[in-house]
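Inside the fold
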Amino acid sequence: MKIGDLAGRAGLNASAVRYYEKIGLLAPPQRTGGQRRYSSDALDRVLLIRFASEMGFTLDEIKLFLHGLRDNSPVGPRWKKLAHRKIGEINNSIQRSIRLKSLLQHLLQCRCASLQICVQRLSPSPSLRQIALRPK
């Protein structure tokens, strides 16, 4: 299938398909008369790349997942490894978001007379307190 057909069926621009090829996510296709001709399994691969990126995986993570993967290889163990790593990242992100939401809710009530008072009331993290206590 031509690059335009592949891109259209995957809901992408042809430039995205070329980029995936350039960075090694998609194998270079055969060429006929100078035109790229992709096999039908290229669509599955592009759809997987698109799905994974929409779910928050980086292109580097997707590349790691796809590296050396053959069409008939079981993908479960690879997904499991990648999922465990991503769940940890998401949990950290959730904790940061909860802290940020709490801070923003407190800032909505801010009536501090000065920046110094505001910083004292915000109770910065222990590492920031250490920085603030260092002699200048």
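Residues numbered from 1 in each chain as written. Predicted model: local features only at pLDDT ≥ 70, side-chain atom pairs only at ≥ 80, totals over all residues. Heavy atoms only, no water.

**Here we look at the overall build of the chain**
Going by this rule: Put simply, DSSP H or I for four residues or longer makes a helix, DSSP E for two residues or longer makes a strand, and each gets a number counted from the N terminus. Type-normalised accessible area, obtained with a 1.4 Å probe on protein chains alone, sets the label of each residue: buried when under 20%, exposed when over 50%, and partly exposed for intermediate values. Here, residues are in contact when the closest pair of their heavy atoms is within 4.5 Å. Accessible areas in this description were obtained via Shrake-Rupley with a 1.4 Å probe; residue shielding takes into account the shown protein chains only.
Across its full length, the chain holds seven helices and two strands. Its helices and strands in sequence order give the chain the pattern α-α-β-β-α-α-α-α-α, from N to C terminus. Across the 136 residues of the chain, 20% fall into the buried class. In the chain, 45% of the contacts between residues at least 6 apart in sequence involve partners at least 24 apart. Just so you have it, the chain exposes about 10300 Å², and 56% of that area is on carbon and sulfur atoms.

**A few points about helix α3 (residues 41-54)**
Rules: Take the residue count of a helix, subtract one, and multiply by 1.5 Å to get its expected span.
With 14 residues, α3 ought to run about 20 Å at 1.5 Å a step, and its terminal C-alpha atoms sit 20 Å apart, in line with that. On its buried face, α3 is in contact with α1 (3-10), α2 (14-22), α4 (59-66) and α5 (76-107).

**Some remarks on the pattern of salt bridges**
Put simply, the rule is: Take a side-chain nitrogen of Lys or Arg and a carboxyl oxygen of Asp or Glu: if they are within 4 Å of each other, that pair is a salt bridge.
For the structure on display, the rule yields four salt bridges. Among the ionic pairs, K86 bridges to E61, the shortest N-O distance being 3.0 Å. Highlighted residues: K86 in helix α5 and E61 in helix α4, separated in sequence by 25 residues. Judged by relative accessible area, K86 falls into the buried class, the value being 10%.

**A short note on the nonpolar core**
One broad trend across soluble globular proteins is that nonpolar side chains are buried collectively. Going by this rule: We call a set of buried Ala, Val, Leu, Ile, Met, Phe, Trp, Tyr and Cys residues a nonpolar core when their side-chain atoms join them within 4.5 Å.
The biggest cluster of nonpolar side chains holds 20 residues, and the ones touching the most others in it are L6, V17, Y20, L26, Y38, V46 and I62. Listing elements by their share of this core, those giving two or more residues are α1, α2, α3 and α4. Examining the composition of this core, we find that five residues originate from one element, α3, more than from any other. Filtering out sequence-adjacent residues up to four positions away, V17 remains in contact with I3, L6, A7, L26 and Y38.

**A look at the packing of α3 against α4**
Helix packing for two helices is described by the angle between their axes and how far apart those axes are. Heads up, the rule is: To define axes, lines are fitted to C-alpha atoms, for helices over the stretch in contact only, and angles between the resulting N-to-C directions are given on a 0 to 180 degree scale. For classification, angles of less than 35 degrees are called roughly parallel, those exceeding 145 degrees roughly antiparallel, those between 65 and 115 degrees roughly perpendicular, and all remaining angles oblique. Note on convention: the crossing is left-handed when the near helix lies turned anticlockwise from the far helix by less than a right angle, right-handed when the turn is clockwise.
One way to put it is that α3 packs onto α4 with a least axis distance of 10 Å and a crossing angle of 135°. With respect to each other, α3 and α4 are oriented oblique. Here α3 and α4 pass one another in a crossing that is right-handed. Where α3 abuts α4, its residues R45, L48, I49, A52 and S53 lie against L59, I62, F65 and L66.

**Concerning the side chain of E21**
Residue position: E21 is located in helix α2. In this structure E21 comes out as buried when scored by relative accessible area, which is 13%. Setting aside residues no more than four positions away along its own chain, E21 makes contact with L26, A27, P28, P29, R36 and Y38.

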